[in-house]
Amino acid sequence: MKNGIVETETVKQIKRIRADIDAGLTSEQVAQRKEEGMDNKPVESPSKTTKEIIKDNVFTYFNMLFAVLSALLIAVGSYRDLTFMPIIIANTLIGIIQELRSKAVLDKLTMLNAPVTTVIRDGKEITVKSKELVLDDIAVFRAGNQISADAVVVGGHVSVNESLLTGESDEITKKNGDKLMSGSYIVSGSCKARLEKVGRASYISQLTLQAKKTKKGEQSEMIRSLNRIVKCAGIIIIPIGIFMFIQQYALNEDIKTSIQSMVASVIGMIPEGLFLIASATLAVSAMRLALEKVLVHDMKCIEALARVNVLCVDKTGTITENTMAVSSVIPVVSDMSEDEINGILSDFAAAQAADNVTMRAIKNKFMRPAGKTAIGHTGFSSEFKYSSVTFNDGSYVLGAPDFILGDNFSRYTGIIEDNGRKGYRVLAFGRYFGRPDGKALETAVDPICFVILSNPIRKDAPDTFRYFAEQGVDIKVISGDNPVTVSEVAKQAGIRHAADYVDASTLTTDEAINDAVMRYTVFGRVTPEQKRKFVKALKKNGKTVAMTGDGVNDVLALKDADCSVAMASGSDAACQAAQLVLLESDFSKMPDVVLEGRKVVNNLERSGSLFLVKNIFSLILSILTICVGISYPLKPSQISLISLFTIGIPALVLSQMPNKELIKGKFITNILLKALPAGITDTIIVAAMMYFGNIFGVSQTDIATASTILLSIVGLMIVFEISKPMDVYKMGLWIICAIGLVFCMVFVSSFFDITKMSPRCVLLCINFSIVAEPCMRYLTMGMKQVQKFFIRSDDAKAKNAA
């Protein structure tokens, strides 16, 4: 502070003395910048701390509720009614483990792998930790170094790999005044550069922060549905629980019995096992996929991929092999022989580094140099689409025809488009009258020949894309190559509507992108930023989007997609940011992941409906007992017995059964419609048992036992119904559950409050168990018709949206 005025950042910038190029910063200047926070410390992860994760999972609304219920049961000495607690503990532990696992993956995400950097300080060249760099440091970068902070070249010149920005591992020449972006690599040469942006302000830090951000509120449909169910239950159980306790105490004048009845009704309304079975099922699926060489970082993506209706893929590495070969050379001049052209191309290739698949293919093909001596060269510029070599007798350029031929391009469109339609990549090679500097060419190149290259189509690509077409998944091919070439490759791979292509460089507005993503299948000349816009536009149009990627430049688009898939052969950053990693970079594994997702969703619909049967029954019966003024018939231990053999065990086993059916309808609608027949049947027969039991003078303990038996019978009926079509394994499961119920009721009856019934109670129990079957059957038939109606309605909406 000076004269009562706080110095602004601008004033500080003006007062700061910049370093001399040869002397660098002084020790005092470095210390000053560190005090002002102008250092290159890595950004902290925005993810929650371990303490916060544990706190958020332990101190939840439902955990607090169960803690209160447990305390009440302990206070009255009803310890055996605490059988619901293991599930609550398991739910909490699974939630903590899943979040900690996700945090570990995000925390490991790094795009800067330069632990040390060479700088000039106090006139000496020294090596310091990259995190100790400060603003205005003079850094010395040499071949192989990664640029650790945004800088500007102040001496020397280098060739840089900027795949972070372009997605293409090609060289770009940097000279005095040119900017160096953090995260890029020096391929050749050396330079001095002044650091302009460090720490949080650098490009790589901003990219890392965005990549590490978790998408709050974005959950799969299944998890959203489960949350909605739990939220509804959480709202209604408090008032019902209070009224239930008051009403039961007024009837019985016994605190222990009143608490038992209240706890039984409340825990019956809470689907505490739903999240447990969902988490366990997804975990087992992740292990199965691991055996297929597919690594799952985020388990919810298994469901997301099963629901995907748009899959965005790159050409190279997904449709084609990640290699390239020269197919032919087409001369366009008459004064040079084939050998002369091959000689010049060989000299050109010898002067270039084999730092990308295109140049490796050129060098592998042209290996007979004519003996020309190179006096200068520029690596491939992904911005201007060419590379060049200057010899004593002039300069030669190799690049994209539409970028380097200028006005000459129209004369050769026939050659270019004919080969492009066959799926080849076409490069023009010719003489340039001037000396290229890696920037935009001032005049057109005089062509000598066209070099035709090709990527072989992956053998399994047509079968994979045919599978997705059969499943109603639209493919969007997104590539930086010429759209005509990409379109032809897509046709050869069997992708539907591959002829519908567009040059993404013409899509200059968000409105144009929104329109194009719905109209076209193939997109050429796509920039990394456009990839992200494409994903957002598709999601805005109601699509569920999967995105494949392998480069650092794909990271943000992968983060925005509903399901992201990376190839293990790609960058570490892409593999860490993606939800799925194909460990063998084998795209043909994708159908296996889709089938695994279908199995999870379809089986959890069946399993989830078992849990909701109990919730529906408990809710209706609780309201009924409060309104009518009668005792709640069940105890917590009896609810636990029914849950174990008609919900827990069958739900767990059925969730692992093979299921390849298409996912139809909404998750929450499907499980509710499956659960309603059994829930209503339970309510009818238990209410009838209570009513007629009171008329015939049956004791409350007998009614409780009879109600447990009746609920067990209906529970076994719904297990049989949702297990269809039956096979030997499902029938074996059903028999084991039935035997387990009988065993517990006979041999450990006291633990579950099962008592011997009077003859009257036995007769009533038999009558109502007979009534349960037709009641359940007709209700199920009705709900199936309702479900078909909803599915037809959803299909019609989807067609209209398309």
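Note that this is a predicted model, so its numbers are computed, not measured.

A. Looking closely at the overall build of the chain. Across its full length, the chain carries 27 helices and 21 strands. Looking at the chain as a whole, 52% of its 802 residues qualify as buried. Partitioning the intrachain contacts of the chain with sequence separation of at least 6 by distance along the chain shows that 73% fall at a separation of at least 24.

B. Highlighting helix α12 (residues 338–351). Between its first and last C-alpha, α12 extends 20 Å over 14 residues, near the 20 Å set by a 1.5 Å rise per residue. Along α12, the residues classified as buried are I341, G343, I344, L345, S346, D347, F348 and A349.

C. Fine view of a nonpolar patch on the surface. Residues V742, F743, V746, F747, V748 and F751 make up a contiguous nonpolar surface patch of roughly 580 Å² in combined accessible area. Mapped onto the elements, F751 comes out in the loop between α26 (728–747) and α27 (759–801). Of the residues examined, F751 reaches a relative accessible area of 39% and is grouped as partly exposed.

D. Region of the structure containing the sheet that holds strand β21 (residues 580–582). Taking strand neighbours across the sheet as the criterion, the 8 strands line up as β8-β21-β20-β19-β9-β16-β18-β17 in an open arrangement whose pairing is mixed. The open sheet has two edge strands, β8 (294–296) and β17 (501–503), and neither has a second partner. For this sheet, the mean inter-axis angle between neighbouring strands, taken without regard to orientation, is 20°. Against the sheet, helix α19 (residues 528–540) engages β9 (310–313), β16 (474–478), β18 (522–524) and β19 (545–549), with an angle of about 165° to β19.

E. Seen up close, the sheet that holds strand β14 (residues 425–432). Judged by pairing direction, the sheet is antiparallel, and its 6 strands sit side by side in the order β10-β15-β14-β13-β12-β11 without closing on themselves. Looking along the sheet, the strands with just one partner apiece sit at the ends: β10 (325–331) and β11 (374–381). Sheet twist, expressed as the mean angle between neighbouring strand axes with direction ignored, is 15°. Across 7 bridges, β14 lies against strand β15 (residues 446–454) in antiparallel orientation. What sits directly across from F429, in β15, is C449.

F. Seen up close, the pairing of β9. Residues V310 and C312 line one face of β9 and the alternating positions L311 and V313 line the opposite face, and both faces are buried. Relative to β19, β9 is paired through 3 bridges, and the arrangement is parallel. Bridge pairing links V310 to V545 in β19. Pairing of β9 with β16 involves 4 bridges; the strand directions are parallel. For V310, the partnering residue across the bridge sits in β16 and is D474.

G. The arrangement of the nonpolar core in detail. Judged by nonpolar contacts, the single largest core of 119 residues is most densely connected at L305, L311, F465, F468, V477, C563 and L580. A total of 13 residues in this core trace back to one element, the largest contributor, which is helix α22 (residues 590–628). Look past the residues within four positions of F468 in its chain and what remains in contact with it is L311, V473, I475, F587, M590 and V594. Formed by 24 residues, the second largest nonpolar core is a distinct cluster that contains A504, V517, A557 and L558.

H. Representation of the packing of aromatic side chains. A complete count under the given rule lists 13 aromatic pairs for this structure. When the ring of F468 is compared with that of F587, the centres are 6.5 Å apart and the planes differ by 35°; the resulting orientation is tilted. A residue pair is termed long-range when its members are at least 10 positions apart, and F468 in helix α16 (residues 461–470) and F587 in the loop between β21 and α22 qualify at 119 residues. Grouping residues by exposure puts F468 and F587 together as buried. In this structure an aromatic cluster arises from ring pairing among F348, F391, Y396 and F429. The positively charged end of R777 is found above the aromatic ring belonging to Y778, 5.0 Å away from the centroid.

I. Here's a closer look at the pairing of β19. Taken across its 5 residues, β19 has 5 buried, putting it largely inside the fold. Across the two faces of β19 the burial is the same, with V545, M547 and G549 and A546 and T548 all buried. Direction of pairing for β19 relative to strand β20 (residues 563–567): parallel, over a ladder of 4 bridges. Within β20, the residue paired with T548 across the bridge is V565.

J. The arrangement of unusual backbone geometry in detail. Geometrically, the link from K724 to P725 is a cis peptide bond, its omega value of 0° lying close to zero. Along the chain, P725 turns up in the loop between α25 (700–722) and α26. One non-glycine residue, D136, adopts positive backbone phi at about 80°. Tracing the sequence through the fold places D136 in the loop between β2 (124–129) and β3 (138–142). Despite not being glycine, S585 has its phi angle at roughly 50°, a positive value.

K. Structural view of the packing of α16 against α22. Here α16 crosses α22 at 30°, and the two axes come no closer than 10 Å. When the axes of α16 and α22 are compared, the pair comes out roughly parallel. Across from T464, Y467 and F468 in α16, the residues of α22 making contact are M590, P591, V594, L595 and R598.

L. Geometry of the pattern of salt bridges. Using the criterion set out here, one finds 24 salt bridges in the structure. Across the pair R142 and E125 runs a salt bridge whose closest N-O atoms are separated by 2.9 Å. With R142 in strand β3 and E125 in strand β2, this pair connects stretches of sequence that are 17 residues apart. For R142, a relative accessible area of 36% corresponds to the partly exposed category. Residue E488 is joined to K491 by a salt bridge in which the shortest nitrogen-to-oxygen separation is 4.0 Å.

M. Representation of a negative patch on the surface in the model. On the surface, a cluster of negative charge is contributed by D335, E338, D339 and E340. Here E338 falls in the exposed class, since its relative accessible area comes to 59%.

N. Seen up close, helix α24 (residues 667–695). End to end, α24 covers 42 Å across 29 residues, agreeing with the expected 42 Å (1.5 Å per residue, within 8%). After α24 finishes, the residue G697 shows a positive phi value of roughly 70°.

O. Broad picture of the side chain of E303. With respect to the secondary-structure elements, E303 resides in helix α11 (residues 300–307). A relative accessible area of 1% means that E303 is categorised as buried. Among the polar contacts made by the side chain of E303, one reaches the side chain of R307 at a distance of 2.7 Å.

P. Structural context of the environment of A370. Structurally, A370 is set in the loop between α13 (357–365) and β11. Each C-alpha atom, one on A370 and one on D347, is 6.4 Å from the other, the two residues being 23 residues apart in sequence.

Q. Seen up close, the environment of G399. For G399, the location among the structural elements is in strand β13 (residues 394–399). Residues G399 and A428 lie 29 residues apart in sequence; the distance between their C-alpha atoms is 5.5 Å. The contact partners of G399, leaving out residues within four places of it in the chain, are K385, Y386, I404, L427 and A428.

Here is what the cut-offs are and how they apply
Residues numbered from 1 in each chain as written. Predicted model: local features only at pLDDT ≥ 70, side-chain atom pairs only at ≥ 80, totals over all residues. Heavy atoms only, no water. Helix = DSSP H or I, 4+ residues; strand = E, 2+ residues; numbered from the N terminus. Buried < 20%, exposed > 50% of the residue type's maximum accessible area, 1.4 Å probe, protein only. Contact = heavy atoms within 4.5 Å. Expected span 1.5 Å × (residues − 1). Patch = residues over 30% accessible without salt bridge, like charges linked within 9 Å, V, L, I, M, F, W, Y side chains within 5 Å. Areas by Shrake-Rupley, 256 points an atom, 1.4 Å probe, with all protein chains shown as cover. Salt bridge = Lys/Arg side-chain N within 4 Å of Asp/Glu carboxyl O. Pairing = 2+ DSSP bridges. Axes fitted to C-alpha atoms, helices over the stretch in contact; angles between N-to-C directions. Core = buried A, V, L, I, M, F, W, Y, C linked by side-chain atoms within 4.5 Å. Phe/Tyr/Trp six-rings, centres within 6.5 Å; stacked < 30°, edge-to-face > 60°. Lys NZ or Arg CZ within 6 Å of the ring centre and 35° of its normal. Parallel < 35°, antiparallel > 145°, perpendicular 65-115°, else oblique. Lys, Arg positive; Asp, Glu negative; His and termini not counted. Charge placed at Lys NZ, Arg CZ, Asp CG, Glu CD. Polar contact = N/O pair within 3.5 Å; in protein donor to acceptor, adjacent residues only side chain to side chain.

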